[in-house]
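Structure at a glance
Below are the chains, spelled out letter by letter.
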Amino acid sequence: MPTRVRFGWGRFQEFRQVVDELNGKRIFLVTGKRFAKKSGILDKISDYLKGLTLVVFAEVEENPSIETVDRGAVKCRESELDLVVGLGGGSALDAGKAIAMLQRNPGSIREYLDQERVCQAKGLSFIAVPTTSGTGSEVTPFTVITHKAKNAKPAIAPPQNFPDVALVDPELTMSMPLKAAASTGLDALCQAVEGFWSTQGNPLTRSLAFQAIKIAMENLESACLRKDKQSVTNMALASHLTGIEMSNIGNTSIHPLSYPITLGYGIAHGFACAMFLPAVIRFNGQAIEDRFRNLLRVLNISSVEAFADRIDSLMEKLAAPRRLSEVGVKPQDIPNIAKRGMGRSTAWNPRPMDEEDIVQLCKTIL
Ligand code: NAD
């Protein structure tokens, strides 16, 4: 994992030092439409970067589109900038990675997503500053972009897209409203569980996933509902660990299932993943019993079934949607969700899963 990491409460104040170390003089800041300004982080950044050029691209929507990335790439090129900063959740970080990449690679991001071009060159230096605790994108090469024409969320993962520096300050996540904290935290939990049971796993990735599940199970509720410094810091750590784990082995069956729910019903990424988590744990059942025994003992949970129940009740406490019908899915939509919810990584689920299995699984959570 080539990204240099600075992690800890309050470390955002090292931002200027990081910029100087990367020799940044003309900085392109990629962020969301509102919160960076509203939370005062943007003012802080302007202050830190006194004497340097700062161009702000505050146009990234949730699940960023090809059009947004291409627009940002043009603006960055026109302003002749030399360093890109992504500030925000996974959406802003992924858009920032893509924009940095396109400064040294020709064409539209669409061509890379459609595999018409391959990333050849390292893009501009890129600093990732996460403000959610969910995706771990600050330490992955994954660049997930919404492809509206295909109604899909494809990803590219060229090794050149690992951020140069991840500046992870959990304090920056404090401004998240409950919905964002719950959704992103549940995403981290899903990534950790998928990483732990993936058939692609190895002792290193399983160690990271084990820790991430334990930390998320012990801290997510408190980080969302009480927002104490310790649990908020721990959730940033859980998310970060899943990023390192995932950049080695990817996800399994849950993440592909989330994409038709996000795209078709406008549900936040983490919520869309978590809706399937208890059901897929139950589906995997016996196939994961041995692997989970130790972890569940540490968490004081008696069985895989009880683990699914615990997550279900955690989701209820966090006001997360738990049934597909709650978000507008109709019984007749299920075959299409099953078809579109199969991805390459579905094959890495510990129990083989086909379209008919997904149809049955969706019916249990309708
Ligand atoms: P997000 O980036 O879409 O942010 C969710 C909302 O929270 C946005 O409206 C954003 O403006 C707001 N927000 C962010 N930080 C905030 C803060 N501190 N205070 C107040 N509001 C804040 O959500 P996300 O879950 O972090 O990212 C999801 C995206 O990341 C999806 O596109 C998903 O596919 C992608 N993803 C990428 C990777 C990767 O490794 N690259 C991994 C998993 C998911």
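Residues numbered from 1 in each chain as written. Predicted model: local features only at pLDDT ≥ 70, side-chain atom pairs only at ≥ 80, totals over all residues. Heavy atoms only, no water.

**Points about the overall build of the chain**
- Regarding its fold elements, the chain presents 16 helices and 8 strands.
- Oriented by its inertia axes, the alpha-carbon framework of the chain measures out at about 60 × 45 × 35 Å.
- A total of 366 residues make up the chain; the buried ones form 59% of that total.
- Residue pairs in contact within the chain that sit at least 24 positions apart in sequence constitute 77% of those at least 6 positions apart.
- Carbon and sulfur atoms provide 49% of the accessible area of the chain, an area that totals close to 14800 Å².
- Each charge class in the chain was averaged separately, 43 positive and 39 negative side chains, and the resulting centres sit 2 Å apart. (Helix = DSSP H or I, 4+ residues; strand = E, 2+ residues; numbered from the N terminus. Buried < 20%, exposed > 50% of the residue type's maximum accessible area, 1.4 Å probe, protein only. Contact = heavy atoms within 4.5 Å. Areas by Shrake-Rupley, 256 points an atom, 1.4 Å probe, with all protein chains shown as cover. Lys, Arg positive; Asp, Glu negative; His and termini not counted. Charge placed at Lys NZ, Arg CZ, Asp CG, Glu CD.)

**So, the state of the cysteines**
- Scanning the entire structure with this criterion turns up 0 disulfides.
- Cys-273 supplies the cysteine sulfur nearest to Cys-190, a cysteine that is in no disulfide, at a spacing of 5.2 Å.
- Assessed through its relative accessible area of 0%, Cys-190 is described here as buried.
- Cys-190 supplies the cysteine sulfur nearest to Cys-224, a cysteine that is in no disulfide, at a spacing of 13 Å.
- Of the residues examined, Cys-224 reaches a relative accessible area of 6% and is grouped as buried. (Disulfide = S-S within 2.5 Å.)

**Describing the sheet that holds strand 1 (residues 4-7)**
- Pairing within the open sheet is parallel, and its 6 strands lie in the order 1-8-5-4-2-3. The sheet is open, and its two edges are formed by strand 1 and strand 3 (53-60), each paired on a single side. Strand-to-strand twist of the sheet, defined as the mean angle between neighbouring strand axes without regard to direction, takes the value 15°.
- Of the pairings in the sheet, the one linking strand 1 to strand 8 (residues 165-168) comprises 4 bridges and is parallel in character. Counterpart to Phe-7 in the pairing with strand 8 is Val-168.
- Here helix 3 (residues 41-48) sits on the sheet and contacts strand 2 (26-32), strand 3 and strand 4 (83-88); the angle it forms with strand 3, its principal contact strand, is near 160°.
- Each of strand 2, strand 3 and strand 4 is contacted by helix 4 (residues 66-78), which is oriented at about 165° to strand 3, the strand it contacts most. (Pairing = 2+ DSSP bridges. Axes fitted to C-alpha atoms, helices over the stretch in contact; angles between N-to-C directions.)

Shape is all these values report; function is a separate question.
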